[in-house]
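Next come the chains, spelled out residue by residue.
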Amino acid sequence: MSLEFVRKLPTPTEIREQYPLSARATEIKKQRDAEIAKVFTGDSDKFLVIVGPCSADNEDAVLEYSHRLAKVADKVSDKLIIIPRVYTNKPRTTGEGYKGIVHQPDPEGKPDLLHGLIAMRKMHMRVVEETDLTSADEMLYPSNWSYLSDILSYVAVGARSVENQEHRLTVSGIDIPAGMKNPTSGDLSVMINSVIAAQGSHSFIYRTWEVKTSGNPLAHTILRGATNKHGNSVPNYHYEDIQLLLEKYNETHLVNPATIIDANHSNSGKKYEQQIRIVKDVLHTRRCSKDIESLVKGVMIESYLEPGNQKIGCGTHVYGKSITDPCLGWDQTERLIYDIAEEC
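Anyway, here's the lowdown on the structure attached to this text. (Residues numbered from 1 in each chain as written. Predicted model: local features only at pLDDT ≥ 70, side-chain atom pairs only at ≥ 80, totals over all residues. Heavy atoms only, no water.)

A few points about the side chain of His103
- Structurally, the position occupied by His103 is in the loop between strand S2 (80-84) and helix H4 (113-131).
- Leaving out residues up to four positions away in the same chain, His103 has contacts with Lys110, Pro111, Asp112, Leu113 and Tyr141. (Helix = DSSP H or I, 4+ residues; strand = E, 2+ residues; numbered from the N terminus. Contact = heavy atoms within 4.5 Å.)

So, the sheet that holds S2
- Strand order in this open sheet of eight strands is S2-S1-S12-S11-S8-S5-S4-S3, and the pairing throughout is parallel. In this open sheet, the two edge strands, each paired with only one partner strand, are S2 and strand S3 (136-138). Adjacent strand axes in the sheet meet at a mean angle of 25°, parallel and antiparallel pairs treated alike.
- With respect to the sheet, helix H3 (residues 59-75) is in contact with strand S1 (47-52) and S2, its orientation differing from that of S2 by roughly 175°. (Pairing = 2+ DSSP bridges. Axes fitted to C-alpha atoms, helices over the stretch in contact; angles between N-to-C directions.)

Observations concerning the state of the cysteines
- The tally for this structure, following the rule as stated, stands at zero disulfides.
- Counting only cysteine sulfurs, Cys327 is the nearest neighbor of Cys54, a cysteine outside any disulfide, at a range of 5.6 Å.
- Judged by relative accessible area, which is 2%, Cys54 ranks as buried. (Disulfide = S-S within 2.5 Å. Buried < 20%, exposed > 50% of the residue type's maximum accessible area, 1.4 Å probe, protein only.)

A short note on the packing of aromatic side chains
- Taken as a whole, this structure holds two aromatic pairs when the rule is applied.
- Measuring from ring centre to ring centre gives 6.4 Å for Tyr65 and Tyr304, while their planes differ by 70°; the resulting arrangement is edge-to-face. Of this pair, Tyr65 sits in helix H3 while Tyr304 is found in the loop between strand S12 (296-302) and helix H10 (330-343), placing the two residues 239 residues apart along the sequence.
- Since its relative accessible area comes to 1%, Tyr65 is described here as buried.
- Look at Tyr65 and Trp330: their rings are 5.4 Å apart centre to centre, the planes differ by 85°, and that puts the pair in the edge-to-face class. Pair noted here: Tyr65 is in helix H3 and Trp330 is in helix H10, with a separation of 265 residues, a long-range link.
- Counting every residue linked through ring pairs, the aromatic cluster contains Tyr65, Tyr304 and Trp330.
- Residue placement shows Arg85 over the ring face of Tyr87; its charged tip is 3.8 Å from the ring centre. (Phe/Tyr/Trp six-rings, centres within 6.5 Å; stacked < 30°, edge-to-face > 60°. Lys NZ or Arg CZ within 6 Å of the ring centre and 35° of its normal.)

Some points on H4
- Given a rise of 1.5 Å per residue, 19 residues ought to cover 27 Å, and the 27 Å separating the end C-alpha atoms of H4 matches this to within 8%.
- The set of residues buried in H4 consists of Gly116, Leu117, Ile118, Ala119, Met120, Arg121, Met123, His124, Met125, Val127, Val128 and Thr131.
- Residues of H4 that are buried sit in contact with helix H1 (12-18), helix H2 (23-41), H3, S2 and S3.
- Once H4 finishes, Asp132 follows within two positions and takes phi at roughly 65°, a positive value. (Expected span 1.5 Å × (residues − 1).)

Some remarks on the pattern of salt bridges
- With the rule as written, the count across this model stands at 17 salt bridges.
- Residue Lys90 pairs with Asp325 through a salt bridge whose shortest N-O separation is 3.6 Å. In this pair, Lys90 is assigned in the loop between S2 and H4 and Asp325 in the loop between S12 and H10, connecting sequence segments 235 residues apart.
- Overall, Lys90 belongs to the buried group, its relative accessible area being 11%.
- By relative accessible area, which is 11% here, Asp325 ends up buried.
- A network of salt bridges, in which partner residues are shared, links Glu59, Asp60, Arg126 and Glu130. (Salt bridge = Lys/Arg side-chain N within 4 Å of Asp/Glu carboxyl O.)

Some words on the side chain of Arg85
- Residue position: Arg85 is located in the loop between S2 and H4.
- The class of Arg85 is buried, set by a relative accessible area of 2%.
- Side-chain polar atoms of Arg85 contact the backbone oxygen of Pro53, separated by 3.0 Å.
- Other than its neighbours up to four places away in sequence, Arg85 contacts Ile50, Val51, Gly52, Pro53, Cys54, Ala136, Met300, Ile301 and Glu302. (Polar contact = N/O pair within 3.5 Å; in protein donor to acceptor, adjacent residues only side chain to side chain.)

Looking at the nonpolar core
- Counting 86 residues, the largest nonpolar core has Val49, Leu80, Ile82, Val299, Ile301 and Ile340 as the members making the most contacts within it.
- Counting 17 residues, the second-largest nonpolar core is a separate cluster that includes Tyr87, Ala136, Leu218 and Ile222. (Core = buried A, V, L, I, M, F, W, Y, C linked by side-chain atoms within 4.5 Å.)

Section: the pairing of S1
- Most of S1 sits inside the fold, with six of its six residues counted as buried.
- Because side chains alternate across S1, one face comprises the buried residues Phe47, Val49 and Val51, and the other comprises Leu48, Ile50 and Gly52, equally buried.
- Of the strand pairs in this sheet, S1 and S2 are connected by five bridges, and their pairing is parallel. Bridge pairing links Phe47 to Leu80 in S2.
- Viewed along the sheet, the connection from S1 through H3 into S2 turns out right-handed.
- Pairing between S1 and S12: five bridges, direction parallel. (Right-handed = clockwise from strand over helix to strand, strands pointing away.)

Overview of the environment of Val279
- Structurally, Val279 is set in helix H8 (residues 274-288).
- The class of Val279 is buried, set by a relative accessible area of 0%.
- When the C-alpha atoms of Val279 and Val39 are compared, they prove to be 18 Å apart, with 240 residues separating the residues in sequence.
- With sequence-adjacent residues up to four places away left out, Val279 is seen in contact with Ala263, Val299, Ile301, Leu336 and Ile340.

So, in structure tokens, the structure goes:
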């Protein structure tokens, strides 16, 4: 049993100085952050669509996807705010398998965290610099937040991380919307408690510093379905589930009550094509209740250039096809986004 220190990695400041964001992109992020924040504070009735690959494994494919998304986003900007899902970290339940570009810049290669951190930042930079869209990523490692804090407009904390104290406290110190997913058990109280922690102020250790946070008023919930003791998926996107969440919120003093519905994962049982039906079901539910309409601020969709998924280590890859969870293809996604805009 041993812990090998391979090499000292550059600090976030060093990486950001080496790969700086342009003044133009910085201004775009400022404007986008303000526009997205208004959705959560209730000052805008636009609907959020956080959409993109399960894992951002290939820079060229992700950028092609983002360019296509930008064209659609411009056409629906009066109704929707599109946030590209550029997830560079992939949580693994057993620790095995592809862990994202931050671990493996080459999915077929060996782990390389130094070049992974650079690849992560460069990919997010290219998205905003080339498409004028600022992106979302998952906070798998809280200490990595600082490498992207000047670029991202949305952060999600996953079902396996949401009970972790470090994730909750780190979110309390960031200035963009952060979605806290329900845990894999589906316990809504755990999720609500994570938002209470994230909206509060704290003192703790972060990257060798003693830090103090003022709380994140834009922290909110994400319903992503659950898994029961038999390993079966239990969806939680239905009217009754959202109504229960609304009641949980009403028992607290949280500001800006909000939720995003994740249409894949345990809500779809990873049957990716069901995301289309689930999103439309959520839109119908919003029309049934003004309170639910106010609570549900958007949806999260897993989508890539090609539908389905593929294994790595099996020869030639299909360009733009997920190497982790299966995703909707581009044609399905484009139609779905236009359908969402028509119903909002």
